[in-house]
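Breakdown of the fold
Listed here are the chains, written in short residue letters.
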Amino acid sequence: DTGVSQNPRHKITKRGQNVTFRCDPISEHNRLYWYRQTLGQGPEFLTYFQNEAQLEKSRLLSDRFSAERPKGSFSTLEIQRTEQGDSAMYLCASSPTRTGGSYEQYFGPGTRLTVT
Amino acid sequence: AQKVTQAQTEISVVEKEDVTLDCVYETRDTTYYLFWYKQPPSGELVFLIRRNSFDEQNEISGRYSWNFQKSTSSFNFTITASQVVDSAVYFCALGGSRGDTGRRALTFGSGTRLQVQP
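Figured I'd write up the structure that's included with this text. What you are looking at is a predicted structure, and each value in this text was computed from that prediction instead of being measured.

Rules of the game
- Residues numbered from 1 in each chain as written.
- Chains lettered and ligands numbered in written order.
- Predicted model: local features only at pLDDT ≥ 70, side-chain atom pairs only at ≥ 80, totals over all residues.
- Heavy atoms only, no water.
- Buried < 20%, exposed > 50% of the residue type's maximum accessible area, 1.4 Å probe, protein only.
- Helix = DSSP H or I, 4+ residues; strand = E, 2+ residues; numbered from the N terminus.
- Pairing = 2+ DSSP bridges.
- Core = buried A, V, L, I, M, F, W, Y, C linked by side-chain atoms within 4.5 Å.
- Contact = heavy atoms within 4.5 Å.
- Buried area = accessible area lost by both parts, 1.4 Å probe.
- Salt bridge = Lys/Arg side-chain N within 4 Å of Asp/Glu carboxyl O.
- Polar contact = N/O pair within 3.5 Å; in protein donor to acceptor, adjacent residues only side chain to side chain.
- Nonpolar A, V, L, I, M, F, W, Y, C, P; charged D, E, K, R; others polar.

Looking now at the pairing of strand S8 (residues 75-79) of chain A. The two faces of a sheet get side chains in turn, since along a regular strand they alternate between them. Residue and element names in this part refer to chain A. By the criterion of burial, S8 is predominantly enclosed, with 4 of the 5 residues buried. The pairing of strand S3 (residues 19-24) with S8 spans 5 bridges and is antiparallel. Considered in S8, the bridge of phenylalanine 21 is made with leucine 77. By the bridge criterion, 4 bridges tie strand S7 (residues 65-68) to S8 in an arrangement that is antiparallel.

It is worth spelling out the nonpolar core at this point. If you look at the biggest cluster of nonpolar residues, it comprises 23 residues, and the most contacted ones within it are B:Trp36, B:Phe77, B:Tyr90 and B:Leu114. By size, the runner-up hydrophobic cluster in this structure holds 19 residues, among which are A:Phe21, A:Leu32, A:Ala67 and A:Leu77.

Okay, the interface of chain B and chain A next. The interface of chain B with chain A comprises 21 residues on the first partner and 22 residues on the second. For the chain B and chain A pair, buried surface summed over both sides reaches about 1,800 Å², with 52% attributable to carbon and sulfur atoms. At the boundary of chain B with chain A, the tally comes to 0 salt bridges. At the boundary of chain B and chain A, one finds 3 residue pairs in polar contact (both at pLDDT 80 or more). The greatest single-element share of the side of chain B that touches chain A, amounting to 4 residues, is contributed by strand S5 (residues 33-39) of chain B. When grouped by side-chain class, the residues that make up the side of chain B that touches chain A number 9 nonpolar, 7 polar and 5 charged.

Listed below in structure tokens is the structure:
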């Protein structure tokens, strides 16, 4: 089991450009989450998938953000027309599917986005 | 709404000292889940423990122990005989209730930076 992987690890882009990040969850995990973490803060929830269905989106996920998980395996997070305020670490996590409750989420190493 | 407060921004101890990290939470759910994560300097969040709201027994794992007190809405984390490798940011998190449509996302506190000096 190789854990959650994310690519790229670092991305520097100019304001106004579009960026896309990829997350590969732990293979047997059906739930996948995206979070954003800024310096000195805890992760903030962005969105959550169960298989290919996007079941929850945070108010933080403006219409410039879109996430997909087309085959219920890997997921992509796209940010259109990036702004300097989008600079952050974008974290992906996955968790097993069992009945009831919130189960532990396993995090990837993150993609650090810098918008210049 | 759910909220997690970690009032201690930074703690510095000398190796072998015991240290307790505080976590206070707010939720309207009757069933909920509490977590602790460690984020070492390398940056990747590491899961430490999950506890559901029905289980108030304290838990010990090696040098780590957790004290869950529902009456005070607290889930504190103690490291006994701290080591330099314990230096990291520690996050407390709160998860949603049961049910297929229950909120699965975690609400994190702002973290406590622990510095263990040799």
